[in-house]
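Residue-level structure breakdown
Below are the chains, spelled out letter by letter.
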Amino acid sequence: MKKELAKKYNPKDFEERIYKYWNENEYFKADPNDEKEPFTIMMPPPNVTGNLHMGHALNNTIQDILIRWKRMDGYEALWLPGTDHASISTEAKVVAKIRSKGKTKEELGREKFLEEAWDWTEEYGGNIRNQLKKLGVSCDWSKERFTLDEGLSKAVEEVFIRLYEKGLIYRGNRIINWCPSCRTAISDAEVEHKDSNGKLWHIKYPVKDSDDFITIATTRPETMLGDVAVAVHPEDERYRHLIGKKVILPLVNREIPIIEDEYVDMEFGTGAVKITPAHDPNDFEIGLRHNLEQLKIMDDDAKINENGGKYSGLDRYEARKEIVKDLKEQGYLIEIEDHDHSVGHCERCSTVVEPIISKQWFVKMKPLAEPALKAYKEGKFRFIPERFGKIYVHWLENIRDWCISRQLWWGHRLPVYYCKDCDEVMVAREMPKACTKCDSNNIYQDPDTLDTWFSSALWPFSTLGWPEDTEELKYFYPTDVLVTGYDIIFFWVVRMVFSGLEHMGDIPFKNVLINGLVRDSQGRKMSKSLGNGIDPLEIIDKYGADALRFMLVTGNTPGNDMRFHMERVEASRNFANKLWNASRFVLMNLEDDIVSEEEAQKYMEEEDKWIISRVNNITKEATENMNKFELGIAAQKLYDFIWSEYCDWYIEMVKPRLYGEDENSKNTARYVLLTVLKDILKLLHPFMPFITEEIWQHLPNTDGSLIKAKWPQYQEEHNNDKAEREISFIMEAVKNIRNIRAEANVAPSKKAKVIFVTTDEEIKSILDNGRNHFANLAAASDIEIRDNKEGIGEDAMSAVVEACEIYMPLEELVDIEKEIERLEKEKERLEGELKRVNGKLSNEGFVNKAPEHIVEKEREKKKMYQEMMDKVLERLEALKSKK
RNA sequence: GGGCGCGUAGCUCAGCUGGGAGAGCAUCUGCCUUACAAGCAGGAGGUCACAGGUUCAAGUCCUGUCGCGCCCACCA
């Protein structure tokens, strides 16, 4: 006999100890194994310096459930963890730290800055790992990777060089999104568009050598400093006569041409557009078409530069104010119109992004996007739920080249070298000794680093050793499931797919399971600025990791957001408590020797067969739902079964046997209690790993960890329709008796006589077999089963279950008025049911077209309701006539 | 401008491929019954947003309307 379970369920007593036990025994390790099928999940790497938030908790709980389940189900299940260097976000933190010491990163210099950044990483990098462990994640820590570690950096470099050599990476002067606060270029995906109430300034530009003028409209008047043309639509009658003429740019007094271009929308604004190729993506394109100058008027910190004349040195918004003022004073400003439009903000720091021309590195996307689209459309991988595939397709179909260079220091430095003497560009694995063109050795490396997502895009294979052709790569790639939030489908999912296809020649994953956001109880996003975030660690501390995990996964469906309610955590904790106590009950009733299955079979009662049949069906249903990634439904089914069937009914039914004298019956009950509990623990383990393991360790005949236990399989021979029918009938009858007792206020302890009246032989036998249950569960004494109701007076309360009447002669306790009321209500209910059933059955369409088994079911119902109705009516009449 | 999601019991949400409306919490009644008061037993509470349509049958499929939310977009 093993040691007893603690009297109270207190997750703090064992969660940490159990995690250590798993980890030290290397139960999470997975390695290439020819005897098993692989099952792989790559953990979306959290920011290395980040802290665990609810989103992580949800995301990793889902992954852990899947991986634990598959591991038990016989797969070589690898869940590979890791962290992301998060270039822009980590750099910002380190910069802030340096600033607090009164220095700038430039003053510190690149080398020292990186030292600081590595220190920072080491200091905070362990946090998230330990926090994940508290959640119970069963990932293979021996394979943990970091996007900036040596191997992954090698992969990044290799990819850059290969794409460059293929002509898929190029350097160009193009319009990019510039964040003046982060002082770096960012990609389109990193720009967050927000609607804002802006203005449309109408400004007139005088036509040279004429009194005429042309009015343009702009939302960013300050950019006029960089205007090099005014464009109108070729078919616009209003302006046709002006095409080819010049205008004098106000305030600047520069002569610029009026050109024609089809891009211009005649309906919008005034139909005339100022063209600023250096500061607007459309203007940039027009500029190229018309061979216009690209006049840059802003610095990296969004101040007007030397090209801005008297405005130079002003911040962009100060300049705007000044320019508008001057235009007004000089009579050029015609109108200020309210104009709502959307403005791009830096996703990271919320600063308004400035479209600006800049020499950056880009990935040519079209050739990479096409195979990625094809793979999805051919069903090589899928989204769960399906609808997120649309986001994927839409993004890829409208993709533009990806700006990958960042003016940051924390990240993978571009393997690009320049010759100072002849400006030759060299892309190489190592710094060239001499310029390949002019032989100069005046060479320097590009100071820029790569977009963080450039390395994340390689995660599914770089983590397995690519570009080396490792055993791990061959065995575990492609991975099976990617679990992630919908917010990074285009940041990450898209890029992993085209990277996998390009470099591995295969998709990176077969399923993309999308999880929603965890919001606060009012439905708001949890955010630092709102201060409404709930710390998963606090929840774990108070309620245990199992409760948090269970809460996160129930009542939720893939892809949908959920709200965090403390009451739901409590409910999950209560469920864990229930399981704990049920297990304690089982344990305290076991003896050292558990009888064999064969022995138990000989003495099984109906309730034993019933619960075995039930757990068998639940196994099937739970597994089916998990196969569909419906973890919430699977969890709910387990919850209902454990609480409402195993605990509420089976344990209660079996108590008299455990306390009785019949050793065979007792041992059989023990055997069944334990066997079913073991299945329960196995099925629940992926969801609640700690409590199930802790209980498992206390059960007899359990060698080693529950992690190693075999996932239960559905077994046809355990199905028992007869037992299910009998026990559910008994349960119905017990409920009715309890109901009568409650309504008549019969104290629970008080024994009461129960008379069953039925002519149905099957029911009679069920009732006869169930005598003990009625005594035990409904405190019924003197159970009588007969086929007529002679002699039962009006001083009894009654109920009807199928073809069986139940009478409880309660004499003075019976209030006839109340009893009539009860029966009237029952009559009403039956009338409703009969009306519905009759309606269906009298409908020719239904009888002819509905499947036979559905029609048959309705016929049976009709018969049953009719019989019940007859009995209720008879009883009512008898009572009324006696009154 | 385009796309998507949601609207089911007082609250938070399940309800998968159409075939008798569910859970948790809250509420009401009775119970500290030696596994569990973090519990047990019993009860009340819903024209499944609205309007059409398809179907023998619609919370479930289609169309439209209203309300809430989200995403995308080079609307000077």
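Numbering of residues starts from 1 in each chain and follows the order in which that chain's sequence is written. Here the convention is simple: chains get letters from A, ligands get numbers from 1, in the order in which they are written. Only residues with pLDDT of at least 70 get local features here, since the model is predicted, and only at 80 or more are side-chain atom pairs given and counted; chain-wide, interface and lining totals rely on the full set of residues. Side-chain metrics in this entry use all non-hydrogen atoms of the structure; hydrogen atoms and water are not considered.

Helix and strand counts for chain A come out as 28 helices and 29 strands. Throughout, radius of gyration means the C-alpha value; the globule benchmark is 2.2 Å times the number of residues raised to the power 0.38. In terms of overall size, chain A is more extended than a compact globule, its C-alpha atoms giving a radius of gyration of 37 Å where 883 residues would be expected to give roughly 29 Å. With the C-alpha coordinates of chain A rotated into their principal frame, the extents come out at 120 × 60 × 55 Å. For each residue, the accessible area found with a 1.4 Å probe, counting protein chains only, is set against the maximum for its type, and the residue is called buried under 20%, exposed over 50%, and partly exposed in between. The burial tally for chain A puts 55% of its 883 residues in the buried class. The contact definition used throughout considers only heavy atoms, calling two residues in contact when any of these lie within 4.5 Å. In chain A, the share of contacts with a sequence separation of at least 24, taken over all contacts with a separation of at least 6, comes to 76%. With an accessible surface of roughly 39900 Å², chain A has 45% of that area assigned to carbon and sulfur atoms. Here the positive residues are Lys and Arg and the negative ones are Asp and Glu; neither His nor the chain ends is included. Charged groups are reduced to one reference atom each: NZ for lysine, CZ for arginine, CG for aspartic acid, CD for glutamic acid. Where the 127 positive side-chain charges of chain A centre and where its 159 negative ones centre are 2 Å apart. The helix count covers DSSP runs of H or I at least four residues long, the strand count covers runs of E at least two residues long, and both are numbered beginning at the N terminus. With residues, only the protein chains shown are counted as cover, and all accessible areas are computed by Shrake-Rupley using a 1.4 Å probe.

This part takes up the sheet that holds strand β14 (residues 354-363). When DSSP finds two or more bridges between two strands, those strands count as paired. Ordered by their spatial adjacency, four strands build an open sheet running β6-β5-β14-β16, and the pairing between neighbours is antiparallel. The outermost strands of the open sheet, each flanked by one partner alone, are β6 (184-186) and β16 (402-403). Sheet analysis places strand β5 (residues 169-179) next to β6, joined by three bridges and oriented antiparallel. Note on β6: the bridge partner recorded for Trp-178 is Ala-185.

Another aspect to go through is the protein's contact with RNA strand B. Around RNA strand B, 62 residues are found, and the nearest of them are Asn-282, Arg-573, Lys-628, Lys-849 and Tyr-865. We call a residue near a given molecule or strand whenever any one of its heavy atoms falls within 4 Å of it. Of all RNA strand B atoms lying within 4 Å of any protein atom, the proportion belonging to sugar or phosphate reaches 62%. Side-chain polar atom of Asn-739 to a phosphate oxygen of RNA strand B: 2.9 Å apart, as the coordinates give it. Looking at which element gives the most residues to the surface near RNA strand B, the answer is helix α17 (residues 566-589), with 11 residues. Across the surface near RNA strand B, the residue classes tally to 23 nonpolar, 18 polar and 21 charged. Side-chain atoms alone can form a polar contact between residues adjacent in sequence; in general such a contact is a pair of N or O atoms within 3.5 Å, and within protein one must be able to donate a hydrogen while the other accepts it. Residues are grouped as follows: Ala, Val, Leu, Ile, Met, Phe, Trp, Tyr, Cys and Pro are nonpolar; Asp, Glu, Lys and Arg are charged; every other residue, Gly included, is polar.

Residues enter a patch when their relative accessible area is above 30% and they make no salt bridge; the linking distance is 9 Å between like charges and 5 Å between nonpolar side chains (Val, Leu, Ile, Met, Phe, Trp, Tyr). Each reported salt bridge corresponds to a side-chain nitrogen of Lys or Arg within 4 Å of a carboxyl oxygen of Asp or Glu. A surface patch of like charges, here negative, comprises Glu-111, Glu-115, Asp-119, Glu-122 and Glu-123. Locating Glu-123 in the fold gives a position in helix α5 (residues 110-135).

Another aspect to go through is the environment of Trp-361. Note on placement: Trp-361 falls in strand β14. Since its relative accessible area comes to 2%, Trp-361 is described here as buried. Each C-alpha atom, one on Trp-361 and one on Arg-174, is 9.5 Å from the other, the two residues being 187 residues apart in sequence.

Okay, the UniProt feature "domain: Aminoacyl-tRNA synthetase class Ia" (unreviewed entry) in chain A next. The feature "domain: Aminoacyl-tRNA synthetase class Ia" (unreviewed entry), as given by UniProt, occupies residues 18-564 in the numbering adopted here. Regarding residues 18-564, the helix share stands at 33% and the strand share at 24%, and the terminal C-alpha atoms are separated by 27 Å. UniProt positions are given in the numbering used here, feature names are shortened, and annotations may be inferred rather than shown by experiment.

The next point concerns helix α21 (residues 663-684). The length a helix should cover is 1.5 Å for every residue beyond the first. When the terminal C-alpha atoms of α21 are compared, their 31 Å separation across 22 residues agrees well with the 32 Å that a helix rising 1.5 Å per residue should span. Counting buried positions over the 22 residues of α21 gives 19, a clear majority of the element. Among the residues of α21, the N-terminal cap falls to Asp-662, whose side-chain oxygen and the backbone nitrogen of Asn-664 are separated by 3.1 Å.

Right, let's get into the pairing of strand β28 (residues 796-801). By the criterion of burial, β28 is predominantly enclosed, with six of the six residues buried. Judged by which residues are buried, β28 turns out to be covered on both faces: Ala-796, Ser-798 and Val-800 on one side and Met-797, Ala-799 and Val-801 on the other are all buried. Sheet topology places β28 next to strand β29 (residues 804-809); six bridges connect them, and they run antiparallel. In the strand pairing of β29, Ser-798 is matched with Tyr-807. Turn length for the β28-β29 hairpin, with the two strands adjacent in sequence and antiparallel, is two residues, and the turn residue Glu-802 shows positive phi of about 50 degrees.

What follows deals with the packing of aromatic side chains. The aromatic pairing rule takes the rings of Phe, Tyr and Trp, using the six-membered ring of Trp, and pairs them if the centres are within 6.5 Å, calling planes under 30 degrees apart stacked, those over 60 edge-to-face and the rest tilted. All chains considered together, the criterion is met by 42 aromatic pairs. Relative to Trp-580, the ring of Tyr-9 has its centre 5.6 Å away and its plane inclined at 50 degrees; by these criteria the two rings are tilted. Here Trp-580 lies in helix α17 and Tyr-9 lies in the segment before α1 (15-24), a separation of 571 residues in the sequence. Each member of the pair, Tyr-9 as well as Trp-580, is classed as buried. Here the aromatic rings of Tyr-418 and Tyr-444 are separated by 5.4 Å at their centres, their planes lie at 40 degrees, and the arrangement is tilted. A residue pair is termed long-range when its members are at least 10 positions apart, and Tyr-418 in strand β18 (residues 416-419) and Tyr-444 in strand β20 (residues 443-445) qualify at 26 residues. Judged by its relative accessible area of 34%, Tyr-444 is partly exposed. Chaining the aromatic ring pairs together yields one cluster made of Phe-160, Tyr-164, Trp-361, Trp-402, Phe-454 and Phe-498. The criterion is that NZ of a Lys, or CZ of an Arg, lies within 6 Å of the ring centre and within 35 degrees of the ring normal, and then a charge sits over that ring. When the ring centre of Phe-362 is taken as origin, the NZ or CZ atom of Arg-174, which lies over that ring, is 5.0 Å away.

Per the UniProt record, the feature "short sequence motif: 'HIGH' region" (unreviewed entry) sits at residues 46-56. As annotated, residues 46-56 has a helix share of 27% and a strand share of 0%, and its two end C-alpha atoms lie 8 Å apart.

This part covers the environment of His-685. Checked against the element boundaries, His-685 lands in the loop between α21 and α22 (689-698). Separated by 616 residues in sequence, His-685 and Trp-69 have C-alpha atoms that sit 8.0 Å apart. Not counting chain neighbours up to four residues away, the residues in contact with His-685 comprise Trp-22, Arg-68, Met-72, Thr-692, Glu-693, Leu-706 and Ile-707.

A word on the pattern of salt bridges. For the structure shown, the criterion picks out 74 salt bridges. Glu-378 is paired through a salt bridge with Lys-374; the nearest N and O atoms lie 3.6 Å apart. Exposure remark for Glu-378: the relative accessible area of 46% places this residue in the partly exposed category. When the shortest N-O distance is used, the salt bridge between Arg-614 and Glu-645 registers 2.8 Å. Taken together, the residues span a long stretch of sequence, with Arg-614 in helix α19 (residues 606-627) and Glu-645 in helix α20 (residues 631-658) at a distance of 31 residues. You can call Arg-614 buried: its relative accessible area is 16%. Several salt bridges converge on common partners, so that one network encompasses Glu-826, Arg-829, Glu-833, Arg-836, Lys-840, Glu-858 and Lys-861.

To continue, consider the side chain of Ser-138. Inspection of the secondary structure assignment puts Ser-138 in the loop between α5 and β4 (145-146). Of note is the side chain of Ser-138, whose polar atom sits 2.7 Å from the side chain of Asp-64. Beyond its immediate stretch of four places on either side in the chain, Ser-138 contacts Phe-28, Asp-64, Ile-67, Arg-68, Arg-71 and Trp-79.

What follows covers the packing of helix α2 (residues 54-72) against helix α16 (residues 545-553). Pairs of packed helices are described in terms of their axes, by the angle between the two and the distance that separates them. Interhelical geometry of α2 versus α16 gives an angle of 90 degrees and a closest axis separation of 9 Å. What the angle tells us is that α2 and α16 run roughly perpendicular. Each of Met-54, Ala-57, Leu-58, Thr-61, Asp-64, Ile-65 and Arg-68 in α2 lies in contact with α16, whose residues at this interface are Leu-548, Arg-549, Leu-552 and Val-553. Partitioning the contact of α2 with α16 into residue classes produces seven nonpolar, one polar and three charged. Axis definition: a line fitted to C-alpha atoms, limited for helices to the stretch in contact. Angles are taken between N-to-C directions and run from 0 to 180 degrees. When describing relative orientation, an angle under 35 degrees is termed roughly parallel and one over 145 degrees roughly antiparallel, while 65 to 115 degrees is termed roughly perpendicular and anything else oblique.

So, about the sheet that holds β20. Reading across the sheet, the three strands line up as β19-β18-β20 and stay open at both edges, with antiparallel pairing between neighbours. The sheet is open, and its two borders are formed by β19 (425-427) and β20, each paired with just one other strand. Taking the axes of each pair of neighbouring strands and ignoring which way they run, one obtains an average angle of 30 degrees across the sheet. In this structure, β18 lies alongside β19, joined through three bridges in antiparallel fashion. Paired with Tyr-417 across the strands is Met-426, a residue of β19.

Moving on: unusual backbone geometry. With an omega of -5 degrees, the peptide bond running from Ile-384 to Pro-385 counts as cis. By the element assignment, Pro-385 lies in the loop between β15 (382-384) and α10 (388-397). A cis geometry characterises the amide bond from Trp-466 onward to Pro-467, with omega recorded as 10 degrees. Of note, the phi angle at Ala-86 is positive, near 50 degrees, even though the residue is not glycine. Relative to the assigned elements, Ala-86 resides in the loop between β3 (82-83) and α3 (87-100). What makes Ala-86 buried here is its relative accessible area of 7%. Phi at Asp-209 is positive, roughly 55 degrees, even though this residue is not glycine. For Asp-209, the location among the structural elements is in the loop between β7 (191-206) and β8 (213-218). When its relative accessible area of 72% is taken as the criterion, Asp-209 is described as exposed.

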